[in-house]
Amino acid sequence: MQDGQITLTDEDGQEFSFYILEETELGGETYLLVTDASDDDEEAEALILREVVDDDDGDGCYETVDDDNTLQALSELFESLLEDVDITME
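First, a word on scope: everything that follows refers to the structure included in this document.

What follows is about the pairing of strand 4 (residues 46–53). As paired elements, strand 3 (residues 29–35) and strand 4 share five bridges and run antiparallel to each other. Following the sheet pairing, Thr 35 is matched in strand 4 by Ala 46. As defined by bridge partners, strand 4 adjoins strand 5 (residues 60–64) across five bridges and the pair is classed as antiparallel. Each residue of the ladder has a partner; that of Leu 49, found in strand 5, is Thr 64.

Looking now at the sheet that holds strand 2 (residues 15–26). Ordered by their spatial adjacency, five strands build an open sheet running 1-2-3-4-5, and the pairing between neighbours is antiparallel. Across the chains shown, the open sheet's two edge strands, defined by having one partner strand only, are strand 1 (5–9) and strand 5. Shown here is a sheet whose adjacent strand axes are inclined to one another by a mean of 45 degrees, direction ignored. Helix 1 (residues 68–81) rests against strand 2, strand 3 and strand 4 of the sheet, and its axis sits at about 85 degrees to strand 2.

Attention now goes to the pairing of strand 1. Every second residue of strand 1 is oriented toward a common face, the buried set being Ile 6 and Leu 8 and the non-buried set Gln 5, Thr 7 and Thr 9. Sheet analysis places strand 1 next to strand 2, joined by five bridges and oriented antiparallel. Paired with Ile 6 across the bridge in strand 2 is Phe 18. With antiparallel pairing between neighbouring strands as the criterion, strand 1 and strand 2 make up a hairpin whose turn holds five residues, including Gly 13 at a positive phi of roughly 85 degrees.

Cut-off values and rules
- Residues numbered from 1 in each chain as written.
- Predicted model: local features only at pLDDT ≥ 70, side-chain atom pairs only at ≥ 80, totals over all residues.
- Heavy atoms only, no water.
- Pairing = 2+ DSSP bridges.
- Helix = DSSP H or I, 4+ residues; strand = E, 2+ residues; numbered from the N terminus.
- Axes fitted to C-alpha atoms, helices over the stretch in contact; angles between N-to-C directions.
- Contact = heavy atoms within 4.5 Å.
- Buried < 20%, exposed > 50% of the residue type's maximum accessible area, 1.4 Å probe, protein only.

Purely spatial values, then, with no claim about function.
Next comes the structure, spelled out in structure tokens:
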């Protein structure tokens with residue numbers, strides 16, 4: 001799924017498009033590193049999303065990762081997967 005695009009809808013129905021930089025798994029969970037920048041902007045903002053699958057119907061969605069420890073571990077993992085990326089948490 002690397003270098004793809006994903007569109008997410010918030011609770012208000014507003015759509016947001018992101019470019020997928022990388023996908024990985026950690027602890028049996030699937031995570032995406034995404035950005036809203038379409039080019040190689042050095043200061044692009046990125047999000048880490050976690051795939052959430054509904055056990056009842058198998059449908060999936062993505063939610064942002066908010067836990068600082070998980071973000072730190074995933075940031076380091078994504079940096080190692082993408083040699084030219086430096087992730088700084090704010």
